[in-house]
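This is what each chain is made of:
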Amino acid sequence: MARLVRVATCNLNQWALDFDGNKRRIRESIQEAKAQRCTFRTGPELEITGYGCEDHFHEGDTFLHAWESLADLLSDDTTDGILCDIGMPVMHRNVSYNCRVWCLNRKIVGIRPKIYLANDGNYREMRYFTPWWTDPQSVGFGELEQYFLPVSVKEATGQTKVPFGIFAVSAHDTVLATETCEELFTPNAPHILMSLDGVEIFANGSGSHHQLRKLNTRVSLVKGATEKAGGVYLYANQKGCDGGRLYFDGCCMIWVNGKLVSQGSQFGQLDEVEVCVATVNLSDVRAFRASFISRSYQASAAPTIPRVEVDFALGDLRALALSASPEIEVRIHDPMEEIAYGPSFWLWDYLRRSAQRGYFLPLSGGADSSSTATMVAIMCQRVVAELKTGTDRSKAQVLQDVRKITRDPSYTPTDARELCGRIFVTCYMGSQYSGEETRSRAAGLAEAIGSLHTSIRIDGMCDAVKECFKKAEVHSGPTTNEKLIRDPVMGGCSTENLALQNIQARSRMVMSYFMAQLMPWAASGDRTTAAGSLLVLGSANVDEALRGYYTKYDCSAADINPIGGINKRDLKQFLEWAARERGIAVLQRVADAKPSAELTGAEGEQEDEVDMGMSYQELGDLGYCRKVLHCGPLSMFLKLRSTHWWGDGRSLSKSIRTNNDGLKTQDDKIAQKVKDFWFYNAINRHKMTTLTPSYHAENYSPDDNRFDLRPFLMNPMFAAQFRAIDRAVKEAAEAKQAWE
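Keep in mind the model is a prediction, meaning the values are calculated, not measured.

What counts and what doesn't
- Residues numbered from 1 in each chain as written.
- Predicted model: local features only at pLDDT ≥ 70, side-chain atom pairs only at ≥ 80, totals over all residues.
- Heavy atoms only, no water.
- Helix = DSSP H or I, 4+ residues; strand = E, 2+ residues; numbered from the N terminus.
- Buried < 20%, exposed > 50% of the residue type's maximum accessible area, 1.4 Å probe, protein only.
- Contact = heavy atoms within 4.5 Å.
- Areas by Shrake-Rupley, 256 points an atom, 1.4 Å probe, with all protein chains shown as cover.
- Lys, Arg positive; Asp, Glu negative; His and termini not counted.
- Charge placed at Lys NZ, Arg CZ, Asp CG, Glu CD.
- Phe/Tyr/Trp six-rings, centres within 6.5 Å; stacked < 30°, edge-to-face > 60°.
- Pairing = 2+ DSSP bridges.
- Axes fitted to C-alpha atoms, helices over the stretch in contact; angles between N-to-C directions.
- Salt bridge = Lys/Arg side-chain N within 4 Å of Asp/Glu carboxyl O.
- Core = buried A, V, L, I, M, F, W, Y, C linked by side-chain atoms within 4.5 Å.
- Parallel < 35°, antiparallel > 145°, perpendicular 65-115°, else oblique.
- Right-handed = clockwise from strand over helix to strand, strands pointing away.
- Expected span 1.5 Å × (residues − 1).
- Polar contact = N/O pair within 3.5 Å; in protein donor to acceptor, adjacent residues only side chain to side chain.

Visitor: Is there a simple way to explain the overall build of the protein in this structure?
Guide: Regarding its fold elements, the protein presents 24 helices and 20 strands. Counting over 740 residues, the protein shows a buried share of 57%. Restricting to contacts in the protein with at least 6 residues of sequence separation, those with at least 24 account for 73%. In the form shown here, the protein has an accessible surface area of approximately 30,500 Å², with 52% of it arising from carbon and sulfur atoms. Side chains of the protein give 84 positive and 92 negative charges; the mean places of these two sets differ by 1 Å.

Visitor: For this particular structure, what's the right way to read the packing of aromatic side chains?
Guide: By convention here, two paired aromatic rings are described through the distance between centres and the angle between planes. All told, the structure shown has 26 aromatic pairs when counted by the stated rule. Considering the side-chain rings of tyrosine 51 and phenylalanine 248, the 5.9 Å spacing of their centres and the 65 degrees angle between planes classify their relative orientation as edge-to-face. Note that tyrosine 51 is positioned in the loop between β2 (40-42) and α2 (60-74) and phenylalanine 248 in strand β12 (residues 248-249), a separation of 197 residues in sequence. Each member of the pair, tyrosine 51 as well as phenylalanine 248, carries the same accessibility label: buried. Pairing phenylalanine 267 with tyrosine 341 gives two aromatic rings, centres 6.3 Å apart and planes at 50 degrees, and the pair type is tilted. Taken together, the residues phenylalanine 267 in the loop between β14 (259-263) and β15 (273-281) and tyrosine 341 in helix α10 (residues 335-354) connect sequence positions 74 residues apart. Residue classification places phenylalanine 267 among the buried residues on the basis of a relative accessible area of 2%. Since its relative accessible area comes to 17%, tyrosine 341 is described here as buried.

Visitor: In this structure, what is going on with the sheet that holds strand β18 (residues 424-430)? I would like to understand it.
Guide: Sheet strands pair by backbone hydrogen bonding; their relative direction is either parallel or antiparallel. Read across the sheet, four strands follow the order β19-β18-β17-β20 without closing on themselves; strand pairing throughout is parallel. In this open sheet, the two edge strands, each paired with only one partner strand, are β19 (452-457) and β20 (534-536). Between one strand axis and the next, the sheet turns by 25 degrees as a mean value, whatever way the strands run. As paired strands, strand β17 (residues 358-362) and β18 are joined by four bridges and run parallel to one another. Across the sheet, residue proline 362 finds its bridge partner in β18, namely cysteine 427. Sheet strands in contact with helix α11 (residues 367-389) are β17 and β18, and its direction is about 160 degrees off that of β17.

Visitor: Quick question: what am I supposed to make of the environment of arginine 589 here?
Guide: Locating arginine 589 in the fold gives a position in helix α19 (residues 586-592). With relative accessibility at 36%, the residue arginine 589 sits in the partly exposed group. Residues arginine 589 and glutamate 437 lie 152 residues apart in sequence; the distance between their C-alpha atoms is 9.7 Å.

Visitor: Would you take a moment to explain the pattern of salt bridges for this structure?
Guide: If the charged atoms of two oppositely charged side chains come close together, the side chains can form a pair. Summed over the entire model, instances satisfying the criterion amount to 54 salt bridges. For the salt bridge of glutamate 32 with arginine 393, the shortest nitrogen-to-oxygen distance reads 3.3 Å. Here arginine 393 lies in helix α12 (residues 392-406) and glutamate 32 lies in helix α1 (residues 19-35), a separation of 361 residues in the sequence. On the basis of relative accessible area, glutamate 32 is assigned to the partly exposed category, the value being 24%. Given a relative accessible area of 28%, arginine 393 falls into the partly exposed group.

Visitor: What is the right way to read the nonpolar core from this model?
Guide: Soluble globular proteins: nonpolar side chains tend toward being buried together. Among the nonpolar cores identified, the biggest contains 90 residues, and Leu347, Tyr359, Met379, Phe424, Met636, Leu640 and Val674 are the most heavily contacted of them. For this core, the element with the most residues is α11, which contributes 11 residues. For methionine 636, the contacting residues outside a window of four places in its chain are Leu622, Cys625, Arg626, Cys631, Val674, Phe677 and Trp678. Within the second largest apolar cluster, 57 residues are counted, among which are Leu12, Cys84, Tyr97 and Cys103.

Visitor: Would you explain the packing of helix α21 (residues 616-627) against helix α23 (residues 666-683) in this entry?
Guide: Packed helices, taken two at a time, are described by the angle their axes make and the gap between the axes. Where α21 meets α23, the axes come as close as 11 Å, and the angle between the chain directions of the two elements is 75 degrees. Looking at the two axes, α21 sits roughly perpendicular to α23. Contact with α21, carried on its side by Glu618, Leu619, Leu622, Gly623 and Arg626, involves Lys673, Val674, Phe677, Trp678 and Asn681 of α23 and no other residues of that element.

Visitor: How should I be thinking about the environment of arginine 24 in this particular structure?
Guide: With respect to the helices and strands, the residue arginine 24 is situated in helix α1. Along the chain, arginine 24 and valine 273 lie 249 residues apart, while their C-alpha atoms are 9.8 Å from each other. Not counting residues up to four positions away in its chain, the partners in contact with arginine 24 are Glu272 and Gln397.

Visitor: Would you explain the environment of glutamate 544 in this entry?
Guide: Structurally, glutamate 544 is set in helix α17 (residues 542-547). Note on glutamate 544: relative accessible area 9%, which makes it buried. With residues near it in sequence (within four places) discarded, glutamate 544 still touches Asp368, Tyr549, Tyr550, Lys568, Asp608 and Tyr616.

Visitor: Can you help me understand the pairing of β18 in this one?
Guide: Residues in a regular strand point their side chains to alternate faces of the sheet. With seven of seven residues buried, β18 is to be regarded as a mostly interior element. One crossover worth recording links β18 to the parallel β19 by way of helix α14 (residues 436-449), and it is right-handed.

Visitor: Just checking my understanding: could you explain α23 for this structure?
Guide: In an α-helix, one turn spans 3.6 residues, which is why side chains three or four residues apart end up on the same side. The first and last C-alpha atoms of α23 sit 26 Å apart over 18 residues, in line with the 26 Å expected at 1.5 Å per residue. Within α23, 15 of the 18 residues are buried, which leaves it mostly tucked inside the rest of the structure.

Visitor: Could you clarify how one ought to interpret the side chain of asparagine 22 in this entry?
Guide: Structurally, the position occupied by asparagine 22 is in helix α1. Taking the relative accessible area as the measure of exposure, asparagine 22 reaches 0% and is therefore buried. Separated by 3.2 Å, the side chain of asparagine 22 and the backbone oxygen of isoleucine 48 make a polar contact. Among residues more than four places away in sequence, those in contact with asparagine 22 are Gln14, Trp15, Glu47, Ile48, Thr49 and Gly50.

Visitor: What should I look at first to understand the side chain of serine 507 in this one?
Guide: As for its placement among the helices and strands, serine 507 is situated in helix α16 (residues 494-524). Other than its neighbours up to four places away in sequence, serine 507 contacts Met461 and Cys462.

In structure tokens form, the structure reads like this:
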């Protein structure tokens with residue numbers, strides 16, 4: 001007879017250190033799994049504390065409150081009749097571990113520490129935790145130790161100690177085990193050996209953040225875990241912004257023998273708890289494995305993993321009342337949908353959890369600020385859609401959040417444009433150099449999305465700064481008041497030009513924060529009763545950061561930036577997508593326009609790519625080679641000169657450092673472009689230490705805080721590196737001549 005088991009995994013919108021909220025969401029996920037007659041439930045990594053606690057994991061309080069939360073979950077009927085795999089930090093023998101705690105019927109079954117920690121890219125787990133050590137000279141995962149429980153848990157469970165180590169849970173009718181997030185990504189993942197030893201159900205509690213085009217990798221790994229070795233694999237994940245730059249994108253899944261039978265949403269719901277359930281047939285797993293003779297031969301000699309036995313059966317004795325879940329198609333979003341939904345949902349979580357009044361954006365009518373505005377509009381659309389089509393729980397939560405943000409306890413939005421007008425203020429900050437086309441595009445976009453749109457002129461602020469400089473007095477030093485030059489002019493030397501351009505940009509930043517504080521008061525008239533201001537949104541992209549083509553502490557300096565991890569190439573495609581799919585026609589005009597800072601002349605008179613001496617397409621390639629492919633100057637040149645990169649003879653933009661003088665061959669031009677990139681990146685690297693916290697969207701991100709760690713004072717001449725490029729150019733020319 002078929003051995004059918006109902007299992008559950010989930011996406012939970014946890015928040016770092018929100019112990020009460022995290023516990024509530026965990027309890028609701030378990031209760032929902034039980035309501036759907038599941039006998040096993042797994043949840044995200046470190047779900048009790050939230051994944052992003054970072055250095056708070058060094059605090060004993062974090063461990064204390066985690067145990068208090070677990071004790072509370074075990075003190076009522078939450079875990080009655082369901083085996084639960086819960087993620088939390090545990091300190092064992094004064095060593096901190098990232099653990100999975102197995103619970104059943106108000107008892108702890110055992111504690112399983114993580115073996116392989118994520119410690120690259122955005123992840124710093126070895127800063128907080130220690131990997132569980134297994135002797136590389138021995139086969140298997142070692143013997144179990146005993147963990148002595150805290151007093152609060154002893155009182156709740158009546159237990160004194162529980163097994164600690166790598167184990168499988170042996171129920172009456174199956175065997176289960178867990179691996180945590182990064183362990184799935186390793187070449188010798190734990191599930192390989194565990195499956196050979198008869199483990200049939202695997203659970204993976206993960207804390208995996210969104211990154212463009214990353215879900216394909218995750219799906220492929222989970223699928224491969226059971227496609228080759230057979231078995232049931234449950235993947236759980238966090239969702240939402242838990243307090244930092246990352247957006248955890250859910251997409252919990254259940255796979256059986258390489259076939260998907262249940263999948264949660266990646267961006268589809270604002271519900272803080274999303275449970276995915278499937279009925280799996282263990283007889284299918286056993287038949288799959290038994291008929292794979294080579295696998296059986298390996299399994300017959302596989303080492304045994306310690307078992308922790310439980311007096312519990314997962315299978316339903318009334319098997320004929322159930323039917324196994326059918327295979328379904330994997331759902332993966334288009335990259336433009338990822339750009340639309342990931343940052344916009346991150347913006348919503350950030351806004352509602354910050355308890356501020358909304359967002360303020362300097363809207364220039366260019367591609368970057370228009371992309372940011374569009375993301376806020378999509379956020380508002382999603383909120384209104386959730387109020388209409390969400391679960392009862394999500395409707396109540398979202399409405400509560402909307403009323404908290406608007407400071408209006410009776411407000412219920414009727415459409416997205418109306419909501420946008422209540423929580424989003426845009427401002428065109430024009431100057432004498434601004435053009436009518438950008439002003440028109442900004443106004444058209446604001447009208448289309450419904451923001452409260454304003455405009456100001458910053459010329460008066462800039463003039464005031466220049467007047468203040470004229471009154472500067474010299475009190476000591478090598479010059480005098482009479483000799484001091486006090487009247488910089490646009491069109492003078494480069495020093496004058498840059499200073500006058502920068503004061504325009506910095507005036508916009510100052511005015512943005514001034515308006516962000518005052519606009520709720522100015523627009524609503526709530527002079528005394530409602531606290532809070534608007535959060536200022538930045539809109540600087542990856543390419544400008546890498547090139548240093550922005551002013552330090554200008555209007556890119558903001559509270560958060562939803563596009564700071566996205567390059568111009570992707571943003572242009574996003575604008576075209578939003579114009580087509582969201583019906584915001586003005587965005588096509590924005591996408592078609594040539595980018596301009598409008599600091600020395602209107603659009604068409606000043607162009608970003610001319611000023612930079614690099615096209616955005618070129619910057620995208622250079623940035624990708626630098627960060628994703630880990631290229632230094634020489635290896636970057638060698639990479640880009642290949643025929644599937646720039647060696648195909650394409651036209652490259654003119655170098656502003658050399659004006660292309662003496663550059664005859666394609667190799668010469670590529671070499672100079674690489675040198676220019678590294679030079680400007682080095683002299684402007686200090687700017688990246690002040691980048692606004694940005695949504696992490698791609699591996700080419702220049703985020704200096706935790707992802708792209710480099711010195712901010714470098715010798716920009718790169719003498720040895722550039723000499724090596726020159727030698728390579730010469731050798732390539734000689735080799736080509738000899739070949740011909």
